[in-house]
Structure formats: C-alpha cells, structure tokens
Amino acid sequence: MAFGKNRNWTLTYFFNMRNILLTFLLLGALVSLPSHIQAQDSTFQVKIMQYNLLRFGNCSGVTISDKYTWLGNVMNHVRPDIMIANELSPSSLYAQGIVFNSFGYSGTIDHAAFTNSTGSDIVNMLFYDTEKFGLVSTSILPSSNVRDINLYKLYFKPSTVDNTDTTFLYVIAAHLKASNSSSDRQQRWDAAIDVMDWIRDNAAGENVIFAGDFNIKTPTEDAYIELVNDRPADVTLVDPLDLSTSWSAGVYAQYMTQSPRASSTDCGVGGGMDDRFDFIFPSQAIMDGTEGILYEEGSYVTVGNDGKSRDQELACGNNTTVPANVCLSLRLMSDHLPVLATFEMQGRVTRNALEQLPYDFRFVAQDNGWNIRARRYQGAPLTYRLLDMRGQEIYATQSNQVEVSMTIPGLAHGLYILQIQDATGRQTIQKLVR
C-alpha cells in the first residue's frame, strides 16, 4: 500500500510500465491501464474520536437538549469521521438524536444499531461518516459480561467497489469495569484477554482500533499490559503515547481524561484532571501502514486538555487548545474528555493488480526528500532513481532494506519521477508531486 503521510503530497501510481517510454510520462501523456488495475491518486485524512458521554439520556441531573448542545459544540469543533461513544442510554432515539442535533458539520453521519445483551442501562455506540465508510457488520464479543464489548467492521468507500479488495477497519468498543478492587482489576484483565484472543482468531494482521473507557489507572495494571504486551506483530496493539511510567506524573497531565470538573454537577464525578481512563489503541498494521491505514504520528490528543489543570477542573479562561465555548461544553458535557487520533487512508489496488507487481510501497514526506517503506514479496535488492521532469537523475541508490530514506538537500517543490527496479528488471515508476 503506497501513500504519503503529508496531505500536501500527491502520489500517482503507474503500474506495468516496463514497456512504456519514460518520455511519454514526462510529457504528461495519459497511459491506459488494464481494466483490472485500479490506480491510486488520493490520500484521505480520517479523525477517530473516543468519548464517554456520561449517561447520555439516562441522567436526571441535566436536560437532554443541553447535552445535545454541548456535544454539538464539541463535535463541530473536532469534526470526527468516526466517534466511538460510551454511556449512551440503550435507545436508538438518543443515537438518532445525536446524529440530528450534534453533528451539524455533516449531513452524512449515521450510527450503528445498539446492542445490550447484558441488560445494562448504558451502552456503546459507533457514529461514522457514510461518505467515507460503510458498515459491514455489528456484533458483540461472546464473553461480554459487565457491558457489551462491541465489534464493528467498516470498509473505506473511496477505494475499489468490490469489497473483497477494499480497505477494512475493525473497531472494537468497550467500557470496562470501573473501580479499583482486585476483583475489578481482574474483570478488566479478563476482558482484555478476550479482546486479544478475538483479534488473534479473527483479525490478525488487519486494521484494528480498540477504543473505550477502560478505567485502567496505571500502566502496570494487568489489563494494560495484556493489550500492549509483546506478541507477534499481527496480533499487537499499540498505545501511541507509549507512556510506560505513571500517568499521574505532572509531565503527563495533558493526557488525563477524567475529570474536567472539580465537583459532581450531575451524574458524573469531580476531583479534577487526575486519571487517564480513555484510550485509542491501533493495531501494529495501522502503526506501520501495511493495510491501507496509517496512524499520523503525534496526532493523539486529549481534546481540550492543555496540561494546566492537573487535579483541578478544566480551566477555560486561557485554554489555547480549544475555543472557550468548546472548553466550557467539554466541562459541562461529561466527566471525561474525548481522545482523538488522526489516520491517513487510501484505497487499494485490486488483488489481481497487486499480484502482478513485485512490491508495493508507502511514502512519507520529509523536509528534503522521502522515506520509502517497501513491503517485500521477495528479498532482492531494489534500485531507486529519482529524476526531474527533464529526465535528469537527481539521486540514485540501491538497497535491500525495508526502509530507505532519500534525503536530498535543496530539493525544490515540483514534479519528480521515481523509478524503482529489482534485479530481474521489473520496475514501478511513480510520479510524485511536492
């Protein structure tokens, strides 16, 4: 899967070019591709947000119209493409109400069907942009006990029409057992084991997001260790923040998610910002970008937390991370802050086309060049040649490494041609626009 990490870069792929004159390419001539080969030319940025909505529709201490308004202020500022929600009243009326009242920035948001096999008075929910994603299935983890652990399978629409060749995303949503007794910690650990077993058996090596309010207090808790423990790469989840020491340390104050209130004003808790309970865990495939979705480094944030409110309510007077009205809405809306991460997605070539290519690639823009990650189908070395539009060679190297950095001082903005060739003479020609 080839795509750039910077949206300002456009990658246009030309496959099976061995017998096509480079001159035609440099002149911008249109090349007819076989009908079974789908060219890729766009990278899409996708925001995924996790938010505990604090007994939405199931709390007598606040009006539902206020909740819609506060949530709408947050949504219209963040503008997520996918939102995983916890603590929604088990009624589709509230999910539909959120779609109509709180997603003012988009008329294409929909929600999944809610499940409630455990008979809880609060459930999880998935909201998603139907222009970018289609929902394939909704199910629950068979071992769900305290509350349902939901399993959603989505496909990315700006790709091939045939779903067998598109980019899939598994979203797992959970609200794990609260409190900190040994029994509570054991129940969280059991749930984490069940989730990892499901990934191993059903989604190994795939794009997986596990998100929710996990009520995990420290990185030494067994549930957290279970989720991010070293495993084969195809069954690995990653904490993008990689915080291995106590989250309560002041240096990590900006990542706390509970509580933005000093005192309880409705059904929530107060106490100020002192816990990191809410998480988005991508799979290793997403961190590496091998299956069409790539985590955008440094994009993981706790929305509205500027790190200045440790053990205090969220301060809004001089909060520079969000507007004042959004900050106040975050404080009123819930006793949790949402967490947000950004991903880059791209449609895939069809499997038939992929089988004809010796390699596929991921490109990451650097200040003066590219970092190229080649997904090998065989281990032979590759030759890389960068040409300008006059056909003059700017850079050349040969490597059998999975990643190659091409740092070129003084690289000007413009159009370039990258030739990548293996020892047998097979080659891919890529046109890159900076």
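As the structure is a computational prediction, the values presented were derived from the model and not from experiment.

Cut-off values and rules
Residues numbered from 1 in each chain as written. Predicted model: local features only at pLDDT ≥ 70, side-chain atom pairs only at ≥ 80, totals over all residues. Heavy atoms only, no water. Pairing = 2+ DSSP bridges. Helix = DSSP H or I, 4+ residues; strand = E, 2+ residues; numbered from the N terminus. Axes fitted to C-alpha atoms, helices over the stretch in contact; angles between N-to-C directions. Disulfide = S-S within 2.5 Å. Buried < 20%, exposed > 50% of the residue type's maximum accessible area, 1.4 Å probe, protein only. Phe/Tyr/Trp six-rings, centres within 6.5 Å; stacked < 30°, edge-to-face > 60°. Lys NZ or Arg CZ within 6 Å of the ring centre and 35° of its normal. Core = buried A, V, L, I, M, F, W, Y, C linked by side-chain atoms within 4.5 Å. Contact = heavy atoms within 4.5 Å. 1 Å grid on protein atoms, 1.4 Å probe; cavity = no way out; pocket = protein on both sides within 12 Å on 5 of 7 lines; lining within 4 Å. Points joined across faces, edges and corners; volume = space filled by probe spheres on them. Lys, Arg positive; Asp, Glu negative; His and termini not counted. Salt bridge = Lys/Arg side-chain N within 4 Å of Asp/Glu carboxyl O. Expected span 1.5 Å × (residues − 1). Nonpolar A, V, L, I, M, F, W, Y, C, P; charged D, E, K, R; others polar.

1. Things to note about the sheet that holds strand 10 (residues 278-282)
Two pairing modes exist for strands in a sheet, parallel and antiparallel, and in both the strands are linked by backbone hydrogen bonds.
Okay, step 1: Here 5 strands make up an open sheet; going across it, the order is 6-7-8-9-10 and the pairing mixed. The two strands at the open ends of the sheet, each matched to only one other strand, are strand 6 (133-140) and strand 10. For this sheet, the mean inter-axis angle between neighbouring strands, taken without regard to orientation, is 20 degrees.
Okay, step 2: Looking at chain direction, strand 6 and strand 7 (residues 150-156) are connected through 7 bridges and run antiparallel.

2. Things to note about the state of the cysteines
Okay, step 1: By the definition in use, this model includes 2 disulfides.
Okay, step 2: There is a disulfide in this structure between Cys 316 and Cys 327, and the S-S distance comes to 2.1 Å. Handedness here is read from the sign of the S-S torsion; for Cys 316 and Cys 327, about -80 degrees, the answer is left-handed. Of the two residues, Cys 316 sits in the loop between strand 12 (301-302) and helix 7 (324-333) while Cys 327 sits in helix 7, which places them 11 residues apart along the sequence.
Okay, step 3: On the basis of relative accessibility, which here comes to 0%, the residue Cys 327 falls in the buried class.
Okay, step 4: Going through the chain in sequence order and numbering each bonded cysteine, the pairs you get are 1-2, 3-4.

3. Side note on the packing of aromatic side chains
Okay, step 1: All chains considered together, the criterion is met by 15 aromatic pairs.
Okay, step 2: Between Tyr 224 and Phe 279 the ring centres are 6.4 Å apart and the planes differ by 45 degrees, which places this aromatic pair in the tilted class. Of this pair, Tyr 224 sits in helix 5 (residues 222-228) while Phe 279 sits in strand 10, and the two are 55 residues apart along the sequence. Both residues of the pair, Tyr 224 and Phe 279, count as buried.
Okay, step 3: Taken together, the aromatic side chains of Phe 210, Phe 214, Tyr 224, Trp 247, Phe 279 and Phe 281 make up a single cluster linked through ring pairs.
Okay, step 4: Just above the ring of Phe 168 sits the side chain of Lys 153; from NZ or CZ to the centre is 4.5 Å.
Okay, step 5: Directly above the ring of Trp 247 sits Arg 276, whose terminal nitrogen or CZ lies 5.1 Å from the centroid.

4. Quick notes on the nonpolar core
Okay, step 1: With 93 residues, the main nonpolar core has Tyr 51, Phe 127 and Leu 169 as its most contacted residues.
Okay, step 2: Those residues in contact with Phe 127 that lie beyond four places of it in its chain are Asp 81, Ile 82, Met 83, Ala 85, Ala 95, Ile 98, Val 99, Phe 103, Ile 109, Asp 110 and His 111.
Okay, step 3: Counting 10 residues, the second-largest nonpolar core is a separate cluster that includes Val 404, Ile 408, Tyr 416 and Ile 420.

5. Brief notes about the environment of Ala 173
Okay, step 1: With respect to the helices and strands, the residue Ala 173 is situated in strand 8 (residues 168-175).
Okay, step 2: Since its relative accessible area comes to 0%, Ala 173 is described here as buried.
Okay, step 3: Considering only alpha carbons, one finds Ala 173 and Phe 214, 41 residues apart in sequence, at a separation of 9.9 Å.
Okay, step 4: Beyond its immediate chain neighbours, meaning those up to four positions away, Ala 173 contacts Ile 84, Asn 124, Asp 148, Ile 149, Asn 150, Tyr 152 and Ala 211.

6. Re empty space enclosed by the protein
Okay, step 1: Applying the stated criterion to the full structure yields 3 cavities of 30 Å³ or more.
Okay, step 2: Estimated volume of the second largest cavity: approximately 110 Å³.
Okay, step 3: Around the second largest cavity sit 13 residues that line it, and Asn 145, Val 146, Ile 149, Leu 176 and Ala 191 are the ones nearest its centre.
Okay, step 4: The element best represented in the lining of the second largest cavity is helix 4 (residues 182-202), accounting for 4 residues.

7. A few points about the side chain of Lys 67
Okay, step 1: You can see Lys 67 is positioned in helix 2 (residues 64-78).
Okay, step 2: This buried residue, Lys 67, is left without a salt bridge; Asp 266 holds the nearest opposite charge, at 5.6 Å.

8. Comments concerning helix 2
Okay, step 1: Between the first and last C-alpha of helix 2 there are 21 Å, a value that for 15 residues agrees with the 21 Å anticipated at 1.5 Å per step.
Okay, step 2: Those residues of helix 2 that sit buried are Lys 67, Tyr 68, Trp 70, Leu 71, Gly 72, Val 74, Met 75 and Val 78.
Okay, step 3: Just downstream of helix 2, Arg 79 is the residue with a positive phi angle, here 60 degrees.

9. Quick look at the layout of surface pockets
Okay, step 1: Taken as a whole, the largest pocket encloses approximately 260 Å³ of empty space.
Okay, step 2: If you go around the largest pocket, you meet 19 residues; those closest to its centre are Glu 87, Ala 178, Gln 258, Asp 335 and His 336.
Okay, step 3: Per-element tally for the lining of the largest pocket: the top contributor is strand 2 (residues 44-56), with 3 residues.
Okay, step 4: Of the residues assigned to the lining of the largest pocket, the class counts are 6 nonpolar, 7 polar and 6 charged.

Note that every value here comes from positions in space, so none of it alone points to a role or purpose.
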